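As a plain string of letters, each chain reads:
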Amino acid sequence: MKHPYYILFLIALLFLSCKEQSSQVEEIAIIPKPLYQKIEKGVFILDGNIQLISTEKLNEVSNYFEAHVRESYQLEFSKNESDKKIIFKSDENIQNEEGYKLTINKNLIEVISKNSKGAFYAVQSLFQLLPINSDSKSIEIPCIEIKDQPQFKYRGMHLDVGRHFFSVDFIKKYIDLMSRLKMNTFHWHLTEDQGWRIEIKKYPKLQEVAAFRNETLIGHYSDQPHQFDGKRYGGFYTQKQIKEVVAYASTRQITIIPEIEMPGHSQAAIAAYPELGCTGEQVEVATKWGVFEEVYCPKENTFKFLEDVIDEVVALFPGKYIHIGGDEAPKTNWKKCDHCQKLIKKENLKDEHGLQSYFIARMEKYINSKGKQIIGWDEILEGGLAPNATVMSWRGTNGAVQAAKEGHDVILTPGSHCYFDHYQSDNENEPLAIGGFLPLEKVYSFNPIPEELNKEESKYVLGAQGNVWTEYMSNKKQVEYMAFPRMIALSEVIWSSAESRDYNDFIKRLEFYQKRLDKLDVNYANHIYEVKGELVNSDGILSYKLSATSDTYSIYYSTDDTEPSKLYSNPIDVTSSMTIKAVVKDGNKILGNTFEEEISLHKGVGAKISIDKEPHPAYNAGGKEALINGISGNNKRYGDKEWLGFSGEDIEITIEFKNPTEISSISTRFYNGNGQWIYAPKEIGFSMKLEDGKTINDIRTIKKSNNLLVEYFYPIESISVTEISIVVKNYGIIEDGKQGAGHKAWTFIDEIIIE
Ligand code: ACM
Ligand code: ZN
C-alpha cells in the first residue's frame with residue numbers, strides 16, 4: 001500500500017504543473033467547436049511588447065483584431081521589433097476558403113489562412129481564448145493548435161424587419177453577434193404585408209404609405225376577438241443606411257441576402273400602389289398577422305414595378321443572391337381575375353400554381369440578367385421550379401429533398417428545428433410567442449442533410465439557417481431572447497463536424513459563452529438551469545425522473561405542493577396522482593424557473609398503446625406512451641414531448657388493458673393552430689372491446705372551432721373493457737385563403753384520459 005504522503009505529493013505536483021496555466025486563463029470552450037484542437041502546455045502572454053505582423057491580404061482582419069484588443073483590454077501592440085509576435089500569414093495551400101490554422105506558442109501566435117475569411121474565423125476562435133473581463137496589462141492565452149474549417153458553406157440567420165422594425169444599430173449588433181459564431185449570411189427579410197422597409201427611390205409611396213401601418217394587433221392571433229393598439233407604426237431603411245449595413249457586414253465577413261417578397265406577402269406594396277393587385281382596390285397595410293389574399297397580379301406594369309425595384313436592390317447588395325420569397329401566396333384573387341385567367345390560357349399553364357411558377361421564372365430571368373441568382377421558399381417548387389433557383393426548405397425537409405434530387409441547391413430552414421420564433425421552454429411564464437416548441441437541444445440535434453438524399457444529392461445542401469419571424473417580437477430585447485442561445489447551437493450544427501457533437505459538452509461551453517453575451521449586453525434566454533421531467537414506466541411501476549440541462553448544480557423537489565426543498569437523487573415513486581415541483585439551486589439561490597408537473601393517474605396510465613402510423617419524427621419526442629402517461633401537453637406548445645404530431649394521415653390508436661377495466665369516459669384534446677397548418681379532426685371513432693368479447697363501435701363528429709385547443713369528451717355508460725381503439729380522421733385539405741391552403745392538415749393529439 002502506498003503511503004498517504006505519497007498521494008499528497010502527487011496532488012501537489014499536479015497542482016504545480018497546472019500552475020503553468022494560471023486561473024486567469026480561459027477554459028478552452030470555443031463555439032462552434034473547431035474541427036481539430038490540441039491543447040499544449042504553457043501560455044502566450046499578451047502585453048505591450050508584442051509585434052503584430054500581417055501580410056497585406058490579411059491587413060483588414062489584423063486591424064480588426066488590433067482594434068478589439070485595444071478596446072477590450074486597453075493594450076497596444078509594439079511598434080518595435082520584438083521576439084514575441086502575432087503573425088497573420090496567408091497560405092494558398094489551405095483548400096477551404098474559410099478554413100484556418102491558429103497556433104499559439106509561448107512566443108508566437110500564428111494565424112494562417114488562404115484569405116481574410118479564414119483569418120477572421122481564426123480571430124474569432126482566438127477571441128474566445130481571451131478572458132471575458134480583464135484590466136490586467138498582461139493577459140495569458142493558453143497554448144493551443146487549432147486546424148479548422150466549416151462543414152457547410154451556407155451558415156445563415158434571418159431577421160424579419162417587416163412585422164417589426166429594428167434600428168440600424170441593432171442590425172449591426174445582430175450581424176456582429178452572428179459573425180462571432182462564424183455565421184456568414186444574413187437573410188434580411190425586408191418586405192411584408194405589414195410593412196415595406198427598403199427605400200426605393202423610383203416609388204416614393206413605398207416610403208410614404210407601405211412603410212407604415214395604422215395599428216398593430218395586441219396579444220396572440222388566436223385570442224378572439226382581435227384587439228388593436230391604435231398606434232401608427234413603421235419605418236424603413238434609407239439606401240444610405242443599407243449601404244452602411246452592407247459595408248459593416250463585409251467587415252464581419254457576412255454577405256447579406258435581401259428578400260423582396262413576391263407574389264405574396266405584398267399587401268403593403270399594394271396599399272401604396274393598388275394597381276399592382278388583381279382588383280385595383282385600395283387596401284391598407286396589414287395590421288395583424290397571417291396570410292393575406294392581396295398578392296401581385298402578374299400584369300406587365302407589375303413586372304415593370306418589380307424589375308425597377310430589383311434594379312435598385314441589385315445596386316445595393318453586392319452578394320450573389322436575391323431572395324424573392326414565393327411563400328404563402330393565396331391563389332384566391334388569381335382565380336377570380338380575368339387577366340390572370342387569360343394569362344394562364346395564353347401561356348398554356350396548368351393552373352394558378354403554374355402561374356406562380358411563370359411569375360417566379362420570369363423574375364428569375366430578369367434577376368439572372370443582372371448577374372444574380374434567386375433563392376425562394378419551397379413553394380417555388382409548386383408548378384415547376386425556375387431553372388437556376390436555390391430552394392429554402394421551411395415546410396419540413398420535403399422541399400429540400402425534391403429540389404436536391406432535381407439538381408438544385410438547397411438551404412435547410414425547417415420549422416421543426418430552425419424557427420426561432422417558437423417557444424424554447426415549456427415554462428408557462430415564457431414571453432408570448434407564435435406557438436410551437438423548439439428547445440435548444442432540438443436545435444442542437446439537427447442534421448441539415450435529409451436522410452432521403454444520397455451522397456451525390458447531399459452535395460446540393462449548401463447549409464442551414466435560423467429564422468426569426470418577428471410578429472411576437474416587438475423590440476430588440478425580445479429578438480435577442482428568441483435568437484440566443486438557439487443561434488449558438490445552430491452555429492455548431494453547421495460549422496462543426498457531426499461526429500464531434502456532444503450536447504453536454506456544448507452546454508458546458510455555453511455556460512462560458514453566456515458570460516461573453518453578458519459582456520456584450522445580449523438578452524439571451526437562459527434555460528440551462530431549468531428542470532426537465534420524465535415519467536418512467538418500468539413494467540407498470542411508475543417513477544418520475546428529473547434532470548437539468550446543466551448538471552453543475554443540484555435539483556430540489558417537492559411532491560406536496562410546497563416549495564421544493566428535498567435534494568433530488570433518484571427517480572420519485574409515483575403511486576398516486578401528484579404535482580411535482582422542482583428547481584435548480586446554487587446553495588440557497590434558485591437558478592432558472594420553477595418546474596411544475598401535474599401527474600394524473602387515470603385508468604389508461606400504464607396500459608399498452610400502439611398506433612398504426614408513426615408520428616412525424618420532428619414531433620414524437622415523448623413516443624406513443626406520451627398519450628397515456630398521466631401528463632397533459634402544454635397549452636401553447638404543440639411541439640413538447642406530450643403532444644404527438646401526424647402529418648396528413650388518419651390514425652388509429654389502440655390501448656390494451658392488462659386486466660378488464662371499468663371505464664365511464666374517454667377524453668382527449670387536439671391542437672388547432674390553423675396558422676401552423678394544424679387542425680382538429682372533424683371526426684373521431686371509438687371502438688371498445690368488452691370483457692364479454694362483444695365490441696361497441698361509435699363515430700362522433702367534432703364541431704369546427706376557432707379555439708387553439710379543441711377538447712373532446714366521450715361519456716360512456718359504465719362498461720368493463722379489455723381494449724379501446726380510437727380512430728382520428730385527419731381534417732383533410734386546408735381551404736383556399738388559409739395558411740397551407742391545398743395541403744393536408746397536421747393532427748396533434750394530447751393525453752387520452754380514461755376515467
Ligand atoms: C415562411 O415561414 N412563411 C417562409
Ligand atoms: Zn390578376
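Report follows, based on the coordinates. (Residues numbered from 1 in each chain as written. Chains lettered and ligands numbered in written order. Predicted model: local features only at pLDDT ≥ 70, side-chain atom pairs only at ≥ 80, totals over all residues. Heavy atoms only, no water.)

## Focus: the overall build of the chain
Part 1: When you go through the chain residue by residue, the secondary structure sums to 17 helices and 35 strands.
Part 2: Taking 755 residues into account, the globule formula puts the C-alpha radius of gyration at 27 Å, and the chain, at 29 Å, falls close to it.
Part 3: For the chain, the spread of C-alpha atoms along the principal axes amounts to about 95 × 85 × 50 Å.
Part 4: The buried share of the chain, taken over its 755 residues, is 58%.
Part 5: Long-range contacts, defined here as pairs at least 24 residues apart, represent 71% of the contacts in the chain between residues at least 6 apart. (Helix = DSSP H or I, 4+ residues; strand = E, 2+ residues; numbered from the N terminus. Rg over C-alpha atoms; globule rule 2.2 N^0.38 Å. Buried < 20%, exposed > 50% of the residue type's maximum accessible area, 1.4 Å probe, protein only. Contact = heavy atoms within 4.5 Å.)

## Some words on the environment of I611
Part 1: Along the chain, I611 turns up in strand β28 (residues 608-611).
Part 2: Judged by its relative accessible area of 15%, I611 falls in the buried class.

## Focus: the pattern of salt bridges
Part 1: Across all of its chains, the model carries 43 salt bridges by this definition.
Part 2: With its nearest N and O atoms 3.5 Å apart, the salt bridge here joins E192 to R163. You can see E192 sitting in strand β9 (residues 191-192) and its partner R163 sitting in the loop between β7 (154-160) and α4 (168-180), a full 29 residues away along the chain.
Part 3: Residue classification places R163 among the buried residues on the basis of a relative accessible area of 3%.
Part 4: Here K532 makes a salt bridge to E441, at a shortest N to O gap of 3.4 Å. Here E441 lies in helix α14 (residues 440-444) and K532 lies in strand β21 (residues 531-538), a separation of 91 residues in the sequence.
Part 5: Judged by relative accessible area, K532 falls into the partly exposed class, the value being 34%.
Part 6: By relative accessible area, which is 40% here, E441 ends up partly exposed.
Part 7: In this structure, a network of salt bridges that share partners links the residues K33, E492, D505 and R509. (Salt bridge = Lys/Arg side-chain N within 4 Å of Asp/Glu carboxyl O.)

## Some details on the coordination of the zinc ion (ligand 2)
Part 1: Only C278 (SG), C297 (SG), C337 (SG) and C340 (SG) from the protein reach the zinc ion (ligand 2) as donors, at distances of 2.3 to 2.4 Å.
Part 2: Coordination at the zinc ion (ligand 2) comes from 4 donor atoms whose angles at the metal span 103 to 115°, giving a geometry best classed as tetrahedral.
Part 3: For the zinc ion (ligand 2), the single-chain donor residues occur in sequence as C-x18-C-x39-C-x2-C. Note that C297 is positioned in the loop between α7 (267-272) and α8 (300-316) and C340 in helix α10 (residues 338-346), a separation of 43 residues in sequence.
Part 4: The exposure class assigned to C340 is buried, which follows from its relative accessible area of 0%. (Donors = N, O, S within 2.8 Å, 3.2 Å for Na, K, Ca; no water. Tetrahedral: all angles 85-135°; square planar, octahedral: opposite > 155°, others 65-115°.)

## Examining the sheet that holds strand β24 (residues 566-567)
Part 1: Strand order in the open sheet formed by 4 strands is β24-β23-β26-β27, and the pairing between neighbours is antiparallel. One side of each edge strand has no neighbouring strand; the edge strands of this open sheet are β24 and β27 (589-599).
Part 2: Where strand β23 (residues 554-558) lies against β24, 2 bridges are found, and the strand directions are antiparallel. Counted as the bridge partner of Y557 is K566 from β24. (Pairing = 2+ DSSP bridges.)

## So, the sheet that holds strand β25 (residues 572-573)
Part 1: The sheet built from 3 strands is open, its strands ordered β21-β22-β25 with antiparallel pairing. Each edge of the open sheet is held by one strand with a lone partner, namely β21 and β25.

## Examining α8
Part 1: Between its first and last C-alpha, α8 extends 25 Å over 17 residues, near the 24 Å set by a 1.5 Å rise per residue.
Part 2: Most of α8 sits out of view: 12 of its 17 residues are buried.
Part 3: Among the residues making up α8, those that are buried are T302, F303, F305, L306, E307, D308, V309, I310, E312, V313, V314 and L316. (Expected span 1.5 Å × (residues − 1).)

## Quick word on the side chain of E723
Part 1: Mapped onto the secondary structure, E723 falls in strand β33 (residues 709-728).
Part 2: Residue classification places E723 among the buried residues on the basis of a relative accessible area of 19%.
Part 3: With residues near it in sequence (within four places) discarded, E723 still touches T654, I655, E656, F657, S687, M688 and K689.

## What about helix α6 (residues 239-251)?
Part 1: For α6, spanning 13 residues, the distance from its first C-alpha to its last is 19 Å, which sits close to the expected 18 Å at 1.5 Å a residue.
Part 2: Listing the buried residues of α6 in full gives Q239, I242, V245, V246, Y248 and A249.
Part 3: The inward-facing, buried residues of α6 abut α4, β8 (185-189), β15 (255-262) and α8.
Part 4: In the stretch just after α6, Q253 is the one whose phi turns positive, near 60°.

## So, the nonpolar core
Looking at soluble globular proteins, one finds that nonpolar side chains tend to be buried together.
Part 1: In this structure, Y174, W188, W196, F305 and L546 are the most contacted members of the largest nonpolar core, which totals 141 residues.
Part 2: Ranked by the residues each element gives to this core, the list is headed by α8, at 8 residues.
Part 3: When neighbours within four sequence positions are excluded, L546 is seen to be in contact with V531, K532, G533, I555, Y557, Y568, I572, I580, A582 and F595.
Part 4: In terms of nonpolar packing, the next biggest core, distinct from the first, is built from 33 residues, L46, F65, Y121 and V123 among them. (Core = buried A, V, L, I, M, F, W, Y, C linked by side-chain atoms within 4.5 Å.)

## Observations regarding the environment of N333
Part 1: One can find N333 in helix α9 (residues 332-336).
Part 2: The buried category is assigned to N333, whose relative accessible area is 7%.
Part 3: Through-space distance from the C-alpha of N333 to that of E293 is 6.6 Å; in sequence the pair is 40 residues apart.
Part 4: Look past the residues within four positions of N333 in its chain and what remains in contact with it is C278, E293 and E294.

## Thoughts on the packing of α8 against helix α11 (residues 352-369)
Each pair of packed helices can be summarised by the angle the axes make with each other and by the distance between the axes.
Part 1: With their axes 11 Å apart at the nearest point, α8 and α11 run at an angle of 40° to one another. Between α8 and α11, the crossing angle belongs to the class labelled oblique. In the crossing of α8 with α11, the sense of the turn from one axis to the other is right-handed. Side by side, α8 and α11 meet where E300, F303, L306, E307, I310 and D311 of the first sit next to Y358, F359, R362, M363, Y366 and I367 of the second.
Part 2: Class assignment of the residues belonging to the contact of α8 with α11 gives a composition of 8 nonpolar, no polar and 4 charged. (Axes fitted to C-alpha atoms, helices over the stretch in contact; angles between N-to-C directions. Parallel < 35°, antiparallel > 145°, perpendicular 65-115°, else oblique. Left-handed = near helix turned anticlockwise from the far one by under 90°. Nonpolar A, V, L, I, M, F, W, Y, C, P; charged D, E, K, R; others polar.)

## Topic: unusual backbone geometry
Part 1: The amide bond that connects Q224 to the next residue, P225, takes the cis arrangement and shows omega of -10°.
Part 2: Mapped onto the elements of the fold, P225 is located in the loop between β12 (217-218) and β13 (227-228).
Part 3: That bond from M262 to P263 is cis: its omega, -10°, falls within 30 degrees of zero.
Part 4: Within the fold, P263 resides in the loop between β15 and α7.
Part 5: The residue Q74 is not glycine, and still its phi comes out positive at about 50°.
Part 6: Inspection of the secondary structure puts Q74 in the loop between α2 (59-73) and β3 (85-90).
Part 7: At E328, a position not held by glycine, the phi torsion is positive, near 45°.
Part 8: Assignment of secondary structure puts E328 in the loop between β16 (321-325) and α9.
Part 9: Judged by relative accessible area, which is 16%, E328 ranks as buried.

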